[in-house]
Amino acid sequence: MSSEHHYSVTVTWTGNLGEGTSGYRSYSREHEVAAEGKPAVPGSADPGFRGDPARWNPEELLVASLSQCHMLWYLHLCSVNGIVVTSYVDEPEGTMVVDAGSGGGRFSEVTLRPTVMITTPSLHAKALELHAEANKLCFIANSTNFPIHHKPTILDCLKG
């Protein structure tokens, strides 16, 4: 049986500098992304599109959401397969291509680079395999139309 989950956020533009959008340079790209009961996320455009580099841009948030979704599925799969993960750090990168004519564009790929530490060296191969399964289960990855590559590193740690 399938189920549906609904997500509601509020995106509020906060960049009216007094002239609205009267010209391309007359407004800021600043905005806030909020959801009930959660702190607001300060957003802007990519600095290449007149955005504030101190704020999150939608492209970074897309890459982050892919990484988060993959990590959460991966940790679940490790848990149910008896693999104890003690550390997980990802440094993902995404590539966006901008069309010269329209200025629009799309992501061409994202590469996840998780470094995972596990307690049982004999489960190293299984820990690597689970990244492919996590990708198949990730809701965000299943919603994209570009390849998501995985370059995981599995490290063995000694208990205690």
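The preceding data block contains the structure.
A quick note: this is a predicted structure, and the numbers were derived from the prediction, not measured.

(A) Quick peek at the packing of helix 1 (residues 58-80) against helix 2 (residues 124-137). Axis separation between helix 1 and helix 2 bottoms out at 8 Å; the angle between their running directions is 125°. Classified by the angle their axes make, helix 1 and helix 2 are oblique. Handedness of the crossing formed by helix 1 with helix 2: right-handed. Of the residues in helix 2, those touching helix 1 at His70, Trp73, Tyr74, Leu77 and Cys78 are Ala127, Leu130, His131, Glu133, Ala134, Asn135 and Leu137. A breakdown of the residues in the contact of helix 1 with helix 2 according to their chemical character gives eight nonpolar, three polar and one charged.

(B) Quick look at the pattern of salt bridges. Enumeration over the complete set of coordinates arrives at four salt bridges. Glutamate 30 serves as the salt-bridge partner of arginine 55, at 3.6 Å between the closest nitrogen and oxygen. Of the two residues, arginine 55 sits in the loop between strand 3 (41-43) and helix 1 while glutamate 30 sits in the loop between strand 1 (10-13) and strand 2 (31-34), which places them 25 residues apart along the sequence. Among the salt bridges present, the one from arginine 113 reaches glutamate 93, with a minimum N-O distance of 3.9 Å.

(C) Layout of the pairing of strand 2. Sheet topology note: the strand 1/strand 2 ladder contains four bridges and is antiparallel. In the strand pairing of strand 2, tryptophan 13 is matched with histidine 31. Of the strand pairs in this sheet, strand 2 and strand 3 are connected by three bridges, and their pairing is antiparallel. Note that in strand 3 the partner of glutamate 32 across the bridge is proline 42. Here strand 2 folds back onto strand 3 in antiparallel fashion, the turn holding six residues, of which glycine 37 has a positive phi close to 80°.

(D) Representation of the packing of aromatic side chains in the model. Taken as a whole, this structure holds four aromatic pairs when the rule is applied. On the numbers, 5.9 Å between centres and 50° between planes, the contact of tyrosine 74 with tyrosine 88 is tilted. On the criterion of sequence distance, the pair formed by tyrosine 74 in helix 1 and tyrosine 88 in strand 4 (residues 85-89) is long-range, its members being 14 residues apart. Of the two residues, tyrosine 74 and tyrosine 88, both sit in the buried class. Note that arginine 29 overlies the ring of tyrosine 24, its terminal NZ or CZ placed 4.6 Å from the centroid. Sitting over the ring of tyrosine 27, arginine 29 keeps its end group 3.9 Å from the ring centre.

(E) Molecular detail of the environment of valine 116. By the element assignment, valine 116 lies in strand 7 (residues 115-118). Residues valine 116 and serine 3, spaced 113 residues apart in sequence, show a C-alpha to C-alpha distance of 31 Å.

(F) Highlighting unusual backbone geometry. Look at arginine 50: it is not a glycine, yet its phi comes out positive at around 70°. Inspection of the secondary structure puts arginine 50 in the loop between strand 3 and helix 1. With a relative accessible area of 36%, arginine 50 lands in the partly exposed category.

What counts as what
- Residues numbered from 1 in each chain as written.
- Predicted model: local features only at pLDDT ≥ 70, side-chain atom pairs only at ≥ 80, totals over all residues.
- Heavy atoms only, no water.
- Axes fitted to C-alpha atoms, helices over the stretch in contact; angles between N-to-C directions.
- Helix = DSSP H or I, 4+ residues; strand = E, 2+ residues; numbered from the N terminus.
- Parallel < 35°, antiparallel > 145°, perpendicular 65-115°, else oblique.
- Left-handed = near helix turned anticlockwise from the far one by under 90°.
- Contact = heavy atoms within 4.5 Å.
- Nonpolar A, V, L, I, M, F, W, Y, C, P; charged D, E, K, R; others polar.
- Salt bridge = Lys/Arg side-chain N within 4 Å of Asp/Glu carboxyl O.
- Pairing = 2+ DSSP bridges.
- Phe/Tyr/Trp six-rings, centres within 6.5 Å; stacked < 30°, edge-to-face > 60°.
- Buried < 20%, exposed > 50% of the residue type's maximum accessible area, 1.4 Å probe, protein only.
- Lys NZ or Arg CZ within 6 Å of the ring centre and 35° of its normal.

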